[in-house]
Amino acid sequence: MIDAREILVRCDALARESSDPNGIERVYLSPELAAVNRRAGEWMKEAGLTTWLDAAGNQRGRLEGREPGLPAVLLGSHLDTVPNAGRFDGILGVMLAIAVAERLRESAAELPFALEIAAFADEEGTRFGTALLGSRALAGTWDDAFWHLTDDNGTTLREAFVEFGLDPERIADASPKRGEIVAYLEAHIEQGPYLEEADLPLAVVSSIAGARRFALTLTGEAGHAGGVPFHRRHDALAGASEVVLAVEQLARSAGCVATVGRLQAFPGGVNVIPGRVEFSLDLRGETDAARDGVWLGIQAVASEVCDRRGLAFAVEETHNAPAVVADASLQDSIRAGIRTATGEQDPMVLFSKAGHDAMAVAELAPWAMLFIRNGHGGISHHPDETVTEADVAVALDAFEAAVRGLAASQTA
Ligand code: GLV
Ligand code: MN
Ligand code: MN
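Basis of the calculations
Residues numbered from 1 in each chain as written. Chains lettered and ligands numbered in written order. Predicted model: local features only at pLDDT ≥ 70, side-chain atom pairs only at ≥ 80, totals over all residues. Heavy atoms only, no water. Donors = N, O, S within 2.8 Å, 3.2 Å for Na, K, Ca; no water. Helix = DSSP H or I, 4+ residues; strand = E, 2+ residues; numbered from the N terminus. Buried < 20%, exposed > 50% of the residue type's maximum accessible area, 1.4 Å probe, protein only. Core = buried A, V, L, I, M, F, W, Y, C linked by side-chain atoms within 4.5 Å. Contact = heavy atoms within 4.5 Å. Near = heavy atom within 4 Å. Polar contact = N/O pair within 3.5 Å; in protein donor to acceptor, adjacent residues only side chain to side chain. Areas by Shrake-Rupley, 256 points an atom, 1.4 Å probe, with all protein chains shown as cover. Phe/Tyr/Trp six-rings, centres within 6.5 Å; stacked < 30°, edge-to-face > 60°. Lys NZ or Arg CZ within 6 Å of the ring centre and 35° of its normal.

K.L.:
Tell me what's going on with the coordination of the manganese ion (ligand 2), and back it up with residues and numbers.
P.N.:
Under ideal tetrahedral coordination, the four donors around a metal are separated by 109.5 degrees; under ideal octahedral coordination, the six donors are separated by 90 or 180 degrees. Here the manganese ion (ligand 2) is held by the protein donor atoms Asp89 (OD), Glu124 (OE), Glu124 (OE) and His381 (NE2), which lie 2.1 to 2.7 Å from it. Counting the intervening residues between successive donors of the manganese ion (ligand 2) yields the motif D-x34-E-x256-H. Between the manganese ion (ligand 2) and the manganese ion (ligand 3), the interatomic distance is 3.5 Å, and Asp89 donates to each metal, bridging them. In this pair, Asp89 sits in the loop between strand S3 (72–78) and helix H3 (91–105) while Glu124 sits in the loop between strand S4 (114–120) and helix H4 (133–139), placing the two residues 35 residues apart along the sequence. We note that Asp89, like Glu124, is buried.

K.L.:
How would you explain the nonpolar core if you had to name every residue and give the values?
P.N.:
Counting residues in each nonpolar core, the largest one holds 77 residues, and the members touching the most others are Tyr28 and Leu157. Beyond its immediate sequence surroundings of up to four residues, Leu157 is in contact with Tyr28, Leu29, Phe128, Leu133, Trp142, Phe146, Trp147 and Leu149. Residues Ala114, Val205, Leu350 and Met369 belong to the second largest nonpolar core, which totals 29 residues.

K.L.:
Describe the site of ligand 1, with residues and values.
P.N.:
Taken together, Glu123, Glu124, Arg213, Arg284, Ala354, Gly355 and His381 make up the full set of residues adjacent to ligand 1. Between Arg284 and ligand 1, the recorded distance is 2.6 Å, taken from a side-chain N or O atom to an oxygen atom. Within the complex, the protein chains bury 95% of what would otherwise be the 190 Å² of accessible surface of ligand 1.

K.L.:
Just give me the short version of the packing of aromatic side chains, but keep the residues and values in it.
P.N.:
Under the counting rule described, the total for this entry stands at seven aromatic pairs. Ring geometry for Phe120 against Tyr184: centres 6.2 Å apart, planes inclined by 65°, an arrangement best described as edge-to-face. Taken together, the positions of Phe120 in strand S4 and Tyr184 in strand S5 (residues 181–189) put the pair 64 residues apart, joining distant regions of the chain. Tyr184 matches Phe120 in its accessibility class, with the two residues each being buried. In this arrangement the basic side chain of Arg158 is found over the ring face of Trp147, its NZ or CZ atom lying 5.1 Å from the centre. Positioned above the aromatic ring of Phe266, the side-chain terminus of Arg276 is 4.1 Å from the ring centre.

This is the structure:
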């Protein structure tokens, strides 16, 4: 049986599939992703599932219930990563799902639903900017505009599909018909400090923040760092710096979070005034209205800065996912699972500011999530991401108990 130790060994094994020899990086439709899909597929088979790679490159598996062809409860998370990632974000949830399926295999003949697993291929959006491509394909919310997205090498998403051996014309095949998936459950590290602060291993997720991402460009005029006096300059980086500070201040005062994670100045010479700056913006809020209010404020500041400095301002929205609320009855299943595994009568409830595949699957089926404490203050999107074997063990028990509870409630 797959225990917590084996789950950690598997997370370590997948961490070695990386395009970065000095860290972990595994992006959508890359050779590294193909390698982890293969490993996860083998583990799914060993756990008794039938497996397939779906039309979007997600590794999928299925365990039939008491009769073939029943609607399924879907368990999942993702196998792609951010640059210089940790080894648990997404990956731990997939490994837990496989272990739960293995534990349920013996009693599958009594299950009132089939059990499916999705190892999603693009939650982070690292390669093409737009996140949740794998889970959007499964949810049936694929947008044909995605085909024109390009990576940093100018490869379009359509070309990347073909290079990976996928047929773009068949993308709709990734999505089950409505009613074929009756619930989605995802286990994930918390990526925040609250479980550690409360000295608790597990929490139930109430909702996930809506996120928007933008690519912003400020254009001024490049020129000689010595020759051009200040009153004649149109320095795009000085302007962008004002905008970046306003992003932090506006988000903070509205109780939202905002991050400029990437910024590039052109032409990039030490003695050249920056003529153009491109930067990213990731904006999240508990409500879409609060988040969108901050975005209006940021645009107003950017316009004012650009007018004053003689710069042009262009924006492209690369990602937009509304806030979603977890299904109340599935939250109860997770809560009951935590109670069974830990004895904690009133499990902690957390609102997630991190994005998850559940946001996309929400369009297809009701969902709920189990959060697992990650150490060092909940550090994530960082190589120091960590979990303990003891926490993984109770997470596995809780996730299994949640699925068994769901089966019992449907059988009753
Ligand atoms: C994914 O981890 C995100 O929240 O950006
Ligand atoms: Mn992540
Ligand atoms: Mn994640």
